[in-house]
Protein chains: 2
Amino acid sequence: MSATTVKVYRDLLEVNGEWAAETRRLTAASRVTMVNLIGAPGCGKTRLLESLVGELGRRFRFSVLEGDPETTRDAERLQRLGVPVVQLITSGGCHLDAQLVHAAMKEQPLDRLDIVIVENVGNLMCPACFDIGEDAKVALLSVTEGEDKPLKYPLLFQEAKAVVITKVDLLPHLEFDMARGLEFIRRVNGRIPVFQLSARSGTGLAAWMQWLADTVATKKRGE
Amino acid sequence: MSATTVKVYRDLLEVNGEWAAETRRLTAASRVTMVNLIGAPGCGKTRLLESLVGELGRRFRFSVLEGDPETTRDAERLQRLGVPVVQLITSGGCHLDAQLVHAAMKEQPLDRLDIVIVENVGNLMCPACFDIGEDAKVALLSVTEGEDKPLKYPLLFQEAKAVVITKVDLLPHLEFDMARGLEFIRRVNGRIPVFQLSARSGTGLAAWMQWLADTVATKKRGE
């Protein structure tokens, strides 16, 4: 990149950071947790939310912000299940920026919520660069993508507070080596909790739900 | 995006377009075909090339440019198979830009090549915006990603000259509906050829190789 390009990106990130800070002030005041789900297209972000709707509703007062470059498909999938959901369309943009998210967060009934789950645009790279004011980024990695993605896209795995490995029900049909995948995650981020789950079979969902519950409880205590 | 941001992106694209035109002049002079493979992380771009090395070598004088945000892993995979390959590292950048690609193309022995295959960074969005001087973008879509990706990431499917649907050997284990997937591709780009293949089983590779051969032949004729 040229010096000009670098400067422009720096300016963009600075403005973005200001909006993220605004959102963080909102959620600090109402002690609402905000989680930012990031992963490649088709890694199973919406499917994971679909499979958790019942359990999320039993444990939390929650809402979802759905990021998408063009369509309202994912929001409609969740709306059919009765989830309070807002669609954020980036019009071809490759990530959610903090200003767009802030506009949506301001409209959320934060005093009556425990957690807002944001599903970012399907992309392992750009969303990792853009703080949206969340309490935790969660990196999703499907076993169909191969073990080496944390090495190739390290920023997300460094920034995230948890990794969710999805679609483990497909392992018998793939050459994915879980020990190797876990080693590559550890190499990029030695202490990050990793959850292996399948939205289809239900395996591993409870452990990740517990992590979400702990994250919500920490925020409630104002930590 | 703000007006400033839009302007900056326009400038970036303009400079990028100039480098792409330079590359196009090079390949027009030597009648070398340049194909730009674009798809999500883990959709099977490198694996497809691995499975085709023998056949590519029998049909063409070829080389590969491997895009990656951070690592040389994919280039090493291909080098082990004897492929002439150059690694292009974007240092976290989310797409290959035309200037970086041009620097590599200038060093290629174009008079002794029929085709240069470029594997872009794993990303369904940003690489579609950046012309690198290629003759054809090819969109890769893995059946593990679900049918709706062409609707959600339409630009790539509009820009591409062919779609390759990968990993069809996994269809029996997935809920992917091929008729629906094909309909969504057609909705975005009505005339694009679509190839369904599996690098693992070998199904469908011959048809895509034939498309590549036809593309090379067209360029040789100077069309």
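Residues numbered from 1 in each chain as written. Chains lettered and ligands numbered in written order. Predicted model: local features only at pLDDT ≥ 70, side-chain atom pairs only at ≥ 80, totals over all residues. Heavy atoms only, no water.

## Regarding the overall build of chain A
- Across its full length, chain A carries nine helices and seven strands.
- The C-alpha atoms of chain A give a radius of gyration of 17 Å, which matches the 17 Å a tight globule of 223 residues would have.
- C-alpha atoms of chain A, sized along the principal axes, occupy 50 × 45 × 35 Å.
- When each of the 223 residues of chain A is scored for burial, the buried share is 57%.
- Summarising the internal contacts of chain A: among those between residues at least 6 apart in sequence, 71% fall at separations of at least 24.
- Accessible area of chain A: about 9100 Å², with a carbon and sulfur share of 51%.
- Of the charged side chains in chain A, 28 are positive and 29 negative, and the gap between their average positions amounts to 3 Å. (Helix = DSSP H or I, 4+ residues; strand = E, 2+ residues; numbered from the N terminus. Rg over C-alpha atoms; globule rule 2.2 N^0.38 Å. Buried < 20%, exposed > 50% of the residue type's maximum accessible area, 1.4 Å probe, protein only. Contact = heavy atoms within 4.5 Å. Areas by Shrake-Rupley, 256 points an atom, 1.4 Å probe, with all protein chains shown as cover. Lys, Arg positive; Asp, Glu negative; His and termini not counted. Charge placed at Lys NZ, Arg CZ, Asp CG, Glu CD.)

## Regarding the sheet that holds strand 7 (residues 194–196) of chain B
Residues and elements named next belong to chain B.
- Read from one edge of the open sheet, seven strands run 3-2-4-1-5-6-7, paired in parallel fashion. The two strands at the open ends of the sheet, each matched to only one other strand, are strand 3 (85–89) and strand 7. Taking the axes of each pair of neighbouring strands and ignoring which way they run, one obtains an average angle of 20° across the sheet.
- Across five bridges, strand 1 (residues 33–39) lies against strand 5 (residues 136–142) in parallel orientation. Along strand 5, the bridge assignment pairs Gly39 with Leu140.
- Strands in contact with helix 4 (residues 98–107) are strand 1, strand 2 (62–68), strand 3 and strand 4 (115–119); relative to strand 3, the strand with the most contacts, it is inclined by about 155°.
- Where helix 9 (residues 205–220) meets the sheet, its contacts fall on strand 1, strand 4, strand 5, strand 6 (162–166) and strand 7, and the angle it forms with strand 1 comes to roughly 140°. (Pairing = 2+ DSSP bridges. Axes fitted to C-alpha atoms, helices over the stretch in contact; angles between N-to-C directions.)

## Some details on the packing of helix 2 (residues 45–59) of chain B against helix 3 (residues 73–80) of chain B
All names here are of chain B.
- The N-to-C vectors of helix 2 and helix 3 enclose an angle of 10°; their axes lie 10 Å apart at closest approach. Here helix 2 is positioned roughly parallel relative to helix 3, judged by the angle of their axes. Across the interface between the two elements, Thr46, Arg47, Leu49 and Glu50 of helix 2 pack against Asp74, Arg77 and Leu78 of helix 3.
- A breakdown of the residues in the contact of helix 2 with helix 3 according to their chemical character gives two nonpolar, one polar and four charged. (Parallel < 35°, antiparallel > 145°, perpendicular 65-115°, else oblique. Nonpolar A, V, L, I, M, F, W, Y, C, P; charged D, E, K, R; others polar.)

## Focus: the confidence of the model for chain A
- Overall, the predicted model of chain A reaches an average pLDDT of 95, with 96% of residues at or above 70.
- Overall fold confidence for the complex sits at a pTM of 0.94, while the interface term, ipTM, reaches 0.92. (pLDDT = per-residue confidence, 0-100.)

## Some thoughts on the state of the cysteines
- Within this structure, the stated rule accounts for zero disulfides over all chains.
- Considering cysteine sulfurs only, Cys126(B) is the nearest to Cys126(A), which forms no disulfide, with 3.6 Å between them.
- The thiol of Cys126(B) is not disulfide-bonded; the next cysteine sulfur, from Cys94(B), is found 3.6 Å away.
- Judged by its relative accessible area of 6%, Cys126(B) falls in the buried class. (Disulfide = S-S within 2.5 Å.)

## Description of the relation of the copies chain B and chain A
- Superposing chain B onto chain A takes a rotation of 180° combined with a translation of 0.0 Å along the rotation axis, leaving an RMSD of 0.0 Å. Overall, the copies show the geometry of a two-fold rotation axis.
- The residues that chain B uses at the interface reappear at the interface of chain A in 100% of cases, marking a shared surface. (Least-squares fit on C-alpha atoms with pLDDT ≥ 70 in both.)

## Points about the side chain of Lys45(A)
Residues and elements named next belong to chain A.
- Structurally, Lys45 can be placed in helix 2 (residues 45–59).
- One buried charged side chain, Lys45, makes no salt bridge at all; its nearest oppositely charged neighbour is Glu119, positioned 4.7 Å away.
- Non-local contacts of Lys45, meaning those with residues more than four positions away in its chain, are made with Leu37, Ile38, Gly39, Ala40, Glu119, Asn120, Gly122 and Leu140. (Salt bridge = Lys/Arg side-chain N within 4 Å of Asp/Glu carboxyl O.)

## Quick word on the nonpolar core
- Formed by 55 residues in total, the largest nonpolar core has its most connected members in Val163(B) and Ile165(B).
- Ignoring sequence-local partners within four residues, the contact set of Val163(B) consists of Ala139(B), Phe157(B), Ile185(B), Ile192(B), Pro193(B), Val194(B) and Phe195(B). (Core = buried A, V, L, I, M, F, W, Y, C linked by side-chain atoms within 4.5 Å.)

## Describing the packing of aromatic side chains
- Applying the stated criterion across every chain, the model contains four aromatic pairs over all chains.
- Between Phe195(A) and Trp211(A), the ring centres sit 6.4 Å apart and the planes meet at 55°, which makes this aromatic pair tilted. One end of the pair, Phe195(A), is in strand 7 (residues 194–196); the other, Trp211(A), is in helix 9 (residues 205–220), with 16 residues separating them in the sequence.
- Residue class for Phe195(A) comes out buried when judged on its relative accessible area of 12%.
- Residue Trp211(A) is classed as buried on the basis of its relative accessible area, which comes to 13%.
- Where Trp208(B) meets Trp211(B), the ring centres are 6.5 Å apart and the plane angle is 10°; that geometry is what we call stacked. Placement of both Trp208(B) and Trp211(B) in helix 9 is noted, with a separation of three residues, approximately one turn of the helix. As far as burial versus exposure is concerned, Trp208(B) and Trp211(B) are alike and both buried.
- Taken together, Phe195(A), Trp208(A) and Trp211(A) form an aromatic cluster joined through their ring pairs. (Phe/Tyr/Trp six-rings, centres within 6.5 Å; stacked < 30°, edge-to-face > 60°.)

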